[in-house]
Amino acid sequence: MSSSVSTRVAIVGAGPAGLILSQLLADAGIDSVIVDSRSREDIEATIRAGILEQGTVDLLRRIDPDTRVDTVGNRHDGIELRFGDEGHRIDFPALVGRSVWLYPQHEVLKDLLALRLRAGQDLRFGVSVAGVDSSDPKHPVVVATDARGESLSVTADFVVGADGSRSVVRAAVTDARSTGHFREYPYGWFGILCEAPPSSPELIYSNSEAGFALISQRSPEVQRMYFQCDPGADPAAPSDAEIWDTLQARVPGTTLIDGPIIQRDVLRFRSFVARDLRRGRVALVGDAAHTVPPTGAKGMNLAIADVVLLSDALRALLVDQNEGPIDGYEERALDRIWKAQHFSWWMTNLLHVAPDATEFDRRRQLGELRTVAESEAGRTLLAEAYTGWPLS
Ligand code: PHB
């Protein structure tokens, strides 16, 4: 058995980028079909990023009257940089007149899935995509197998790969021999979710002699915390008591409130930018196009910034038959992508202690932290990037 459908835009991936794109296209009168290999339950249960930039929140409020970003989410007006036994607050509204919101990605996804399904979006779960056939350059075809194991082809005027860091669509856009620019880091994050109240009203980014730790949050009852670890660390290895000792030693000056650890994982640190973001009528957005280390909390926000640009370009192409904006998509998206790459790399290097760091490296790093934290210009630079440069 096989089935085929036609649509204007085929979107591979029902993450924040794919779902927001379908909404922005619908607002422009453009139909789309979204396919995702996961089930709805899996998508809604994936624990990922937690911080939304001001521009992301403004967009969610504009496209979704029922967004819970202001009820379940919380505005954060600053973060704390902790180093050399002192805390330094970065006051976002005072510095740049903007804020961020702590609103976990899985909650964003619940809102967006409900929004799109209410609007009758054609959204198919459990669909594995094998690739994109561009032999007819004006009508690329997504070749897939649906949830029942039957072949499915989606023929479109344009295909968007919003299918994450292991993107299948990427092969239709970039040269297989050189997919892009890549960097790995000599550390990762050991992350936990625990059942406890917040240990601090705002996030703490701590550079301590023993290495980095981040005290983040998920809800009034569940907290997210990380500490720098070897990238090959086994998440099952340390006992709960060892994890709490490690975390506590890295945030001197704050008494962490502990509680049952309900999830543990190790995140690898990578920077990646695909060599090409578009070929003909196939384009990439989000993690399919780039990966950032998590330190700057840019991943989901950057994906949404891509989508804002791409939706305008698709509207010009498919409604006004104007090819200019789609021809400019890659260059415009890359401007922001490389700024976010730089910010994520910079925050990572500023806060982590490299395994081979010398005494010079340590003292220079503390000098850099002081340069940022003790100068209004330094704090403003950080606040501008952290809260997010305005969306186009
Ligand atoms: C998180 O809560 O997962 C989180 C928060 C801030 C970051 C990175 C991750 O910079």
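Q: Where do I start with the site of the ligand in this structure?
A: Taken together, Ile 51, Trp 189, Leu 203, Tyr 205, Leu 214, Ser 216, Arg 218, Tyr 226, Pro 294, Thr 295 and Ala 297 make up the full set of residues near the ligand. Measuring from an oxygen atom of the ligand, one finds a side-chain N or O atom of Ser 216 at 2.6 Å. Between the ligand and Thr 295 there is a distance of 2.7 Å, counted from an oxygen atom to a backbone nitrogen or oxygen. Computed on the free molecule, the ligand has an accessible area of 280 Å², of which 97% lies beneath the protein chains in the complex. Grouping the amino acids of the shell around the ligand by side-chain chemistry returns eight nonpolar, two polar and one charged. Mapped onto the domain boundaries, the shell around the ligand takes at least three residues apiece from domain 1 (2-74 + 102-182 + 271-346) and domain 2 (184-270 + 354-387).

Q: Looking at this structure, I do not really get the packing of aromatic side chains. What am I missing?
A: If you walk through the whole model with that rule in mind, you get 11 aromatic pairs. Ring centres of Phe 190 and Phe 227 lie 5.0 Å apart, and the angle between their planes is 5°; this geometry places the pair in the stacked category. Linking Phe 190 in strand 14 (residues 180-195) with Phe 227 in strand 17 (residues 222-229), this pair joins segments that are 37 residues apart in sequence. Here Phe 190 matches Phe 227 in class, with each residue buried. Relative to Phe 212, the ring of Tyr 205 lies with its centre 6.3 Å away and its plane at 40°, an arrangement referred to as tilted. With respect to class, Tyr 205 is no different from Phe 212; both count as buried. A connected cluster of aromatic rings, assembled from ring pairs, spans Phe 92, Tyr 185, Tyr 187, Trp 189, Tyr 205, Phe 212, Tyr 226, Phe 269 and Tyr 386. It is Lys 298 that lies over the ring of Tyr 386; its NZ or CZ is 5.9 Å from the centre.

Q: For this particular structure, what's the right way to read the packing of helix 8 (residues 324-351) against helix 10 (residues 376-387)?
A: Packed helices, taken two at a time, are described by the angle between their axes plus the distance between the axes. Contact pair helix 8 / helix 10: the axes reach a minimum separation of 11 Å and the direction vectors enclose 125°. One way to sum up the angle between helix 8 and helix 10 is to call them oblique. For the crossing formed where helix 8 meets helix 10, the hand is left-handed. Contacts from Phe 343, Trp 346 and Met 347 in helix 8 reach Leu 382, Ala 385 and Tyr 386 in helix 10. Considering only residue class, the contact of helix 8 with helix 10 consists of six nonpolar, no polar and no charged.

What counts and what doesn't
- Residues numbered from 1 in each chain as written.
- Predicted model: local features only at pLDDT ≥ 70, side-chain atom pairs only at ≥ 80, totals over all residues.
- Heavy atoms only, no water.
- Near = heavy atom within 4 Å.
- Polar contact = N/O pair within 3.5 Å; in protein donor to acceptor, adjacent residues only side chain to side chain.
- Areas by Shrake-Rupley, 256 points an atom, 1.4 Å probe, with all protein chains shown as cover.
- Nonpolar A, V, L, I, M, F, W, Y, C, P; charged D, E, K, R; others polar.
- Domains from an automatic or database assignment.
- Phe/Tyr/Trp six-rings, centres within 6.5 Å; stacked < 30°, edge-to-face > 60°.
- Helix = DSSP H or I, 4+ residues; strand = E, 2+ residues; numbered from the N terminus.
- Buried < 20%, exposed > 50% of the residue type's maximum accessible area, 1.4 Å probe, protein only.
- Lys NZ or Arg CZ within 6 Å of the ring centre and 35° of its normal.
- Axes fitted to C-alpha atoms, helices over the stretch in contact; angles between N-to-C directions.
- Parallel < 35°, antiparallel > 145°, perpendicular 65-115°, else oblique.
- Left-handed = near helix turned anticlockwise from the far one by under 90°.
- Contact = heavy atoms within 4.5 Å.

These values are about where atoms sit, not about what they do.
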